[in-house]
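Fold and geometry: a report
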Amino acid sequence: MRALDQALLSALMAIGDGRSNMGHWRQVVVGAVVALSVAGGTSAAAAAEEKVDRSTGAKAGQVAAAVEGSDAPTAATFVPVPDMGLAHRRSDGGINLFRMSVSALTEDFGVPTLVRSLPSKSGFSYDRAKVVAGDFGNLTAADDGSADHVIWQAASDGGIKVYAVGGGSDTAPRLVRTLPRTAGWSWTDSRPVAGDLNGDGWDDLVVVHASRNGSIVWALLSNGTGFNAPQRWGTVSGTFASTRTYVADVDGDFNEDVLTTAPGTSGVAFTTSVLLTKLDGTGAAGSTAGATFTTAGGWSLANSRQLAGDLTGDGLVDLVTVHRSSTGGMLVWVSANCSQAEGDVCFAAPVRRQTLSSWSFANSRQYIADVDGDFIDDLVTIHRSGNGGLFVWGHLSDGTTLTTPHQIAALPASAGWNWSLSREDVANTWGDIAP
């Protein structure tokens, strides 16, 4: 953990450098305050005995409000407490939904909890569902600030039924939208992800849908208790089947943007472009190039995964590439964000941050989460165990390096876990620590 004076100096430099966005100030200062108030100035991860209260419904907007306009930001005690949502296939073909905290600041760190069991006879099918975790609002009166789940379920007509399962004691699935095939919706040709497009602190449902020319991006914006009707957000290039989509705030304006990685041509392995969100959060401002990876550099789309998160700790989202090594293991690369203003997209050349030769790229999946509460994102890996279960690992970032992965959880096959019959997603939830 960086010392308080170092963090404050960085924050003051960010304010004085003429940049229009305040993301760096907000994250560094609040992170520094939390470092002392939670961890005694040593390590936030060492403060697991400090109970984090999720029930406040703390959001990113509240963190900004707690810091900006105040000469004494010591009241800013909201911290990121990410949850992992796990969808596991039931023996009857239905879905078991689990939640597991991947924040070391919580008492239930690394402990999976069954949220809801959805048998196939109730109409849910693991093989015909896509499950997204997020903080979509207070979906029920019993919301406790933990991860919500959205189930993107295939309907009998080939369209989609959208169900929401709130975090808290009320886990009854609620049908919040029906998107019929007759209106052009196709479960097979759609892919949902979560992200806060309009900066209100609640995650929205972002859907990429195949079309005749590229793909259309739709937004189902959260209204705090549910979702508004789908809004056409923009378009992205590349065919639906060959592109990857994820959501993050690239330009630091507090509105998340849509990133698309697509295969390239003429020696280009893949490119990442960004569909920027307008400053007022009402739609997309247009697509712009982000980063190019060439085959001459050894890059391969098939042998890589793309993520986005602030692994450098400067308050700006970086591009993270997990690549298969020559041994079948993993190489972790970070392309640092070099954007200079709102609306600007810039990524530096990738730098290798970690080599895990004995690991398996093919038998792993990666996610971004702030595991230790220091406001610097970390890498989380789900790895297949020898008996077919799951290991959950955290690779902590201090801004410049990734530490040797430490085990967050072991989910054995003997307890019914199966790496091949589960999928995961990470929800960026928040909590507060009592003064």
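A brief look at the structure comes next. Being a predicted model, the structure only gives us computed values, none of them experimental.

1. Quick look at unusual backbone geometry
- Backbone geometry at Phe 254 places phi at a positive 75 degrees, although glycine is not the residue there.
- Position of Phe 254 relative to the elements: it lies in the loop between strand 13 (244-248) and strand 14 (257-263).
- Under the relative-accessibility criterion, Phe 254 is labelled partly exposed at 29%.
- Residues other than glycine seldom take positive phi values, yet Ser 266 does so here, at roughly 50 degrees.
- Secondary-structure assignment places Ser 266 in the loop between strand 14 and strand 15 (268-277).
- With a relative accessible area of 80%, Ser 266 lands in the exposed category.

2. Side note on the pairing of strand 21 (residues 364-369)
- Among the six residues of strand 21, six are classified as buried, and the element is accordingly described as predominantly covered.
- Alternating positions in strand 21 separate into two faces, Ser 364, Gln 366 and Ile 368 on one and Arg 365, Tyr 367 and Ala 369 on the other, with burial throughout.
- Looking at chain direction, strand 21 and strand 22 (residues 378-384) are connected through six bridges and run antiparallel. Within the sheet, the bridge partner assigned to Ile 368 lies in strand 22 and is Leu 379.

3. A closer look at the sheet that holds strand 14
- With antiparallel pairing, the four strands of this open sheet are ordered in space as 13-14-15-16. Unpaired on one side and paired on the other, strand 13 and strand 16 (284-294) mark the two borders of the sheet. Averaged over all pairs of adjacent strands, the angle between their axes in this sheet comes to 20 degrees, without regard to strand direction.
- For strand 15 and strand 16, the ladder comprises nine bridges, and the chain directions are antiparallel. Across the sheet, the residue bridging to Leu 275 is Ser 287, located in strand 16.

4. Notes on the sheet that holds strand 24 (residues 406-411)
- Sheet architecture is open: four strands sit in the order 21-22-23-24, paired in antiparallel fashion. If you trace the sheet from one side to the other, it starts and ends with strand 21 and strand 24, each paired once. On average, adjacent strands in this sheet sit at an angle of 20 degrees to one another, irrespective of strand direction.
- Pairing geometry for strand 23 (residues 390-395) and strand 24, over five bridges, is antiparallel. Along strand 24, the bridge assignment pairs Phe 391 with Ala 410.

5. Quick look at the side chain of Ser 304
- Tracing the chain through its elements places Ser 304 in strand 17 (residues 304-309).
- Judged by relative accessible area, Ser 304 falls into the buried class, the value being 2%.
- There is a polar contact of 2.9 Å between the side chain of Ser 304 and the backbone oxygen of Ser 300.
- At a separation of 2.9 Å, a polar atom in the side chain of Ser 304 contacts the side chain of Gln 306.

Here is what the cut-offs are and how they apply
- Residues numbered from 1 in each chain as written.
- Predicted model: local features only at pLDDT ≥ 70, side-chain atom pairs only at ≥ 80, totals over all residues.
- Heavy atoms only, no water.
- Helix = DSSP H or I, 4+ residues; strand = E, 2+ residues; numbered from the N terminus.
- Buried < 20%, exposed > 50% of the residue type's maximum accessible area, 1.4 Å probe, protein only.
- Pairing = 2+ DSSP bridges.
- Axes fitted to C-alpha atoms, helices over the stretch in contact; angles between N-to-C directions.
- Polar contact = N/O pair within 3.5 Å; in protein donor to acceptor, adjacent residues only side chain to side chain.

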